[in-house]
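Structural features, examined
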Amino acid sequence: MNRQFGRRKFLLYGSATLGTSILLKACASSPTTSESPAASAASSDASASPAAAAGDVIKVGILHSLSGTMAISEKSVVDSTQLAIEEINSAGGIGGKQIQAILEDGNSDWPTFAEKAKKLIDEDQVVVIFGCWTSASRKAVLPVFEEKNHMLYYPVQYEGQECSKNIFYTGAAPNQQIEPSVDWLLENKGKDFYLVGSDYVFPRTANTIIKAQLAAKGGKTVGEDYLPLGNTEVAAIIAKIRSALPNGGVIYNTLNGDSNVAFFKQMQGAGLTVDKYPVMSVSIAEEEVKAIGVDFLKGQYAAWNYFQTVESPENKKYVDAFKAKYGAERVTNDPMEAAYISVNIWKQAVEKAGSAGTPTDLEKVREAAYGQAFAAPEGPVKMNSNHHISKTVRIGEVRDDGLFSIVYETAQPVDPLPWNQYVAETKGYTCDWTKTGVSAPDTPGKFKG
């Protein structure tokens, strides 16, 4: 993939006098819109900041794709992460120290993600990294975090089948998104499923789970197809869907990035309308609806834990603050909200650990995260000792204004199950990183519960 943006770097929130002012290091274009904080940043070197020179900052990393096929989704996650940091800094920081965020571009290229993770840890000496979207990028950086015993907060729903001591997962596990959405479809939309996804670990593992779940519950997988990430040649897949489901049926969509634009536009062009071919997506949220066009998505479905239309005081405050900072036309979505949760859970853990978050304090901060509760925009969440959070499950339907009408939600947050219970190889397994000591399992990240 194109790696022309590999050297782009921004330093944010480093001013001792203003707390939330932004420092830009190296020339680069804004990671978001003209309203993004990076767009109006004054050119400066972080070492010139009195706060940085005095050691009055806590350095954190932000690692997302600002370029390439995944930029359509990841840029807004950066904005939400920065909003959370700004709010903490405005309230006095952590232990009187301001948070300084160093932003790196993964460029939708998985080796680049690994390189940038190493840089943030080794050269920039950050105490935590917030980042990644695709499971391919997360898998690429995982060995880095485990080798260096460092800490990543990962804000996106994923396929499960992982429970690392060095990652906190603030997006949904499959039992908090994929599985309940399949149950809802079986009850409300039909038994015949065609599975479409991008060709990497998340869609393939998700579809392994879906196929096992359908087999267990009387559904049927009539077809399964994949596209390379960013590929827009969807005509052949749409023809296969029409052939496999001549009278209509359910399409379960795990495409990511720009492929979704072509898929939904050509679906409509081929006459595969929502009344006969409902699509359930797990990577289409408010930002993607806006980018693709509501005319192509109205009436289609998405499974998440958060929608902008959630009614709560916490969500109103979050949405209002985001729009005030970035523009009234901007929207919020689930991965953005999970990124916002990540920063706040980490901040609470640092405070509980009684540490400013220096690299030598990582273990104390990690253990302090267990049990941390936060009144999130989506509702109450809690970090579990399996490094995943309890979350409310929701299904939304795209409406005329590009937002979602919530058509289903659980009454209470659902506890996460990282190891899938439909897949034979992981049935019965659990994860608990508090299980240490003589009587502990050999592998706390995966053991028979």
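Above this text sits the structure in question.
Rules used in this analysis
Residues numbered from 1 in each chain as written. Predicted model: local features only at pLDDT ≥ 70, side-chain atom pairs only at ≥ 80, totals over all residues. Heavy atoms only, no water. Pairing = 2+ DSSP bridges. Helix = DSSP H or I, 4+ residues; strand = E, 2+ residues; numbered from the N terminus. Axes fitted to C-alpha atoms, helices over the stretch in contact; angles between N-to-C directions. Contact = heavy atoms within 4.5 Å. Polar contact = N/O pair within 3.5 Å; in protein donor to acceptor, adjacent residues only side chain to side chain. Buried < 20%, exposed > 50% of the residue type's maximum accessible area, 1.4 Å probe, protein only. Parallel < 35°, antiparallel > 145°, perpendicular 65-115°, else oblique. Left-handed = near helix turned anticlockwise from the far one by under 90°.

For the rest of this paragraph, the subject is the sheet that holds strand S12 (residues 279-281). One open sheet accounts for seven strands, arranged S10-S9-S11-S12-S13-S17-S18; its pairing is mixed. Both edges of this open sheet fall to strand S10 (220-227) and strand S18 (404-409), since each of them pairs with a single strand only. Going across the sheet, the axis of each strand differs from the next one's by a mean of 25 degrees, ignoring polarity. Alignment of strand S13 (residues 301-304) against strand S17 (residues 394-398), held across four bridges, turns out to be antiparallel. Bridged to Trp304 within S17 is Arg394. Those strands touched by helix H5 (residues 178-188) are strand S9 (192-198), strand S11 (250-254), S12, S13, S17 and S18, and its axis lies near 165 degrees from that of S11.

Position of Gln161 among the secondary structure elements: in the loop between strand S7 (152-154) and strand S8 (167-169). A polar side-chain atom of Gln161 sits 3.1 Å from a polar atom in the side chain of Thr426.

Of all five residues in S17, four are buried, a share of seventy percent or more. Taken together, the five bridges between S17 and S18 define a ladder with antiparallel strand orientation. The partner of Glu397 across the bridge, within S18, is Ser405. Linkage of S17 to S18, two consecutive antiparallel strands, is achieved through a turn of five residues, within which Gly402 is found at a positive phi near 85 degrees.

Below, the discussion takes up the packing of H5 against helix H6 (residues 201-217). A packed helix pair is summarised by two numbers, namely the angle formed by the two axes and the spacing between the axes. Remark: H5 packs on H6, axes separated minimally by 10 Å, with the N-to-C direction vectors making an angle of 45 degrees. By the angle between their axes, H5 is oblique relative to H6. For the element pair H5 and H6, the recorded crossing hand is right-handed. Seen from H5, the contacting residues are Ile178, Glu179, Val182, Asp183 and Leu186; seen from H6, they are Phe202, Ala206, Ile209, Ile210, Gln213, Leu214 and Lys217.

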